[in-house]
Structure formats: C-alpha cells, structure tokens
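Given next are the chains, with one letter for each unit.
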Amino acid sequence: MKKLFLLLITTILLTGCFGNENGNSEIITSNPNYTVYKDADFSISYPKDWEIINKNTFTSNVPAETIIAFRNNLKNEVFTANTNISKIQIPKETTSEDLGKSTLLKSKESLISFKELSKDPIIIKLGETEIQTFISGFEGKKSTSDPIIKFKQLYVSMKGFGYVITGAYLPYEDESVVKMIDEMLHSFSLN
C-alpha cells in the first residue's frame, strides 16, 4: 500500500530540478510534434519539446518505482504539468481494473479535497492480447497550503507488474497541455 501512495506523490515531487539524460532507452521520431519513447517494456508518445527526466537524474525523494517522467517545457512556479510512469510488482492475478481501484483508493486517502472527476474505459494492446482498463480523472492537494492539482491516471497490469501512468496539471492549465497529457496516456502501449 505504501508503494501506491508513493506513486501518487511522485507526480507532485516531479516539479523539482532534474537533468535530462536519455539512459538506455531508444527514442524514435514519429512526427514533427511528438517523439516516441521506447523502453524494453513499453512505449509512449510525448511532446517533442517536453523534458525527459529519467531514473539516473531523480532526486532521493522520488520513489524507486518511478521509471521515467516527462515535464512540460513551459515551467510554472506553482506547478509544472508532467506525466510519469511507475512500475510495481503486484500479484499475477491482479487485473488492471483492480490496480486502478486500489490506486484510486490510496489517492482518496492521501489527498486533501479529493474529488473523482471521470472514469473512461480504454483498451491497451499487447500483440493480439487486449487489456481492458480505464483512465481516471481526479483532483486534490497534498497539503492545505498546496494548490489543487488535476490528475489523469492509466492503470495497466501484465504478468505480475503494474504500470501507473500519471498526468498532472493545474486546473487552469492551457487546454493544449491537457490535450497533450491525454494523448500521452492514450499512446501508452506494452511491447
């Protein structure tokens, strides 16, 4: 349970200063505005001008389960929009739906002013296998002095591992940035 809490807090912590090395992953250009980040286990499209923050450059307060983060190039002194991917070991029988429900419950317990906003079904493909899951939308804040942050999360369970892809942004974020986060979540696929 502590790991799920750390996954949520990761998004809030990723507004700090990190470097941007690409590590051992392959980066492939897919179109003029987006690039595909390809890891051994997954791939995701992200806006070409967003910063990549990898495990080698995380500070000590970022949970070990966080694999990679992408941060908007337009920084905000209150909160900078970002998307991160975390991977945790889970029981093999855990479905993506179960992973999502337990992650949402932890978010509800740990965030102040938690409010669930949406739940949209999505299918992730792995070859010919289809994984039914959902993208949840919710908002909340870490402490009473923090701003409300909106979150969108995708949950994928496969062969004893859970992937939680989290996009986070301010409620008054430019609609184009929110659309970029949506496109990132919808582009996630397992290799």
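1. Observations concerning the overall build of the chain
Stage number 1. Secondary structure assignment for the chain yields 3 helices and 11 strands.
Stage number 2. When the elements of the chain are put in sequence order from the N terminus, they spell out α-β-β-β-β-β-β-α-β-β-β-β-α-β.
Stage number 3. Here the chain holds 191 residues, and 52% of them are scored as buried.
Stage number 4. In the chain, once contacts between residues fewer than 6 apart in sequence are set aside, the share between residues at least 24 apart is 57%.
Stage number 5. Roughly 9400 Å² of accessible area belongs to the chain as shown, and the carbon and sulfur atoms make up 50% of that amount.

2. Remarks on the confidence of the model for the chain
Low-pLDDT stretches of the model should not have their predicted coordinates read in fine detail.
Stage number 1. Per-residue pLDDT for the chain has a mean of 84; in total, 84% of the residues score no lower than 70.
Stage number 2. Mean pLDDT per element in the chain: strand β1 (residues 26–29) is the minimum at 43, and strand β10 (residues 161–169) is the maximum at 96.
Stage number 3. Predicted confidence for residues 1–30 stays below pLDDT 50, and this span has 93 contacts to residues more than four positions away or in other chains.

3. Here's the deal with the sheet that holds strand β5 (residues 66–71)
Stage number 1. Taken together, the 7 strands give an open sheet; going across it, the order is β4-β5-β6-β10-β9-β8-β7, and neighbouring strands pair in antiparallel fashion. Each end of this open sheet is capped by a strand with a single partner; those strands are β4 (51–54) and β7 (112–126). Across this sheet, the average inter-strand angle for adjacent strands is 15 degrees, counted without regard to direction.
Stage number 2. Across 9 bridges, strand β9 (residues 149–158) lies against β10 in antiparallel orientation. When the sheet's bridge partners are listed, Phe151 is paired in β10 with Ala168.
Stage number 3. Strands in contact with helix α2 (residues 96–110) are β6 (82–89), β7, β8 (129–141), β9 and β10; relative to β9, the strand with the most contacts, it is inclined by about 150 degrees.

4. Remarks on the pairing of strand β2 (residues 34–38)
Stage number 1. Of all 5 residues that make up β2, 4 are buried, and the element is covered over most of its length.
Stage number 2. Linking β2 to strand β3 (residues 42–47), which pair antiparallel, is a turn of 3 residues.

5. Points about the nonpolar core
Stage number 1. One finds Phe42, Ile44, Phe70, Ile85, Leu154, Phe188 and Leu190 to be the most contacted residues of the largest nonpolar core, which totals 29 residues.
Stage number 2. Every element with two or more residues in this core is listed here: β3, β5, β7, β8, β9, β10 and α3 (175–187).
Stage number 3. If sequence neighbours within four positions are ignored, Phe42 has contacts with Tyr37, Ile67, Ile68, Ile85, Tyr163, Phe188, Ser189, Leu190 and Asn191.
Stage number 4. Judged by nonpolar contacts, the second largest core, of 15 residues, contains Phe134, Phe151, Tyr155 and Leu170.

How each quantity is defined
- Residues numbered from 1 in each chain as written.
- Predicted model: local features only at pLDDT ≥ 70, side-chain atom pairs only at ≥ 80, totals over all residues.
- Heavy atoms only, no water.
- Helix = DSSP H or I, 4+ residues; strand = E, 2+ residues; numbered from the N terminus.
- Buried < 20%, exposed > 50% of the residue type's maximum accessible area, 1.4 Å probe, protein only.
- Contact = heavy atoms within 4.5 Å.
- Areas by Shrake-Rupley, 256 points an atom, 1.4 Å probe, with all protein chains shown as cover.
- pLDDT = per-residue confidence, 0-100.
- Pairing = 2+ DSSP bridges.
- Axes fitted to C-alpha atoms, helices over the stretch in contact; angles between N-to-C directions.
- Core = buried A, V, L, I, M, F, W, Y, C linked by side-chain atoms within 4.5 Å.

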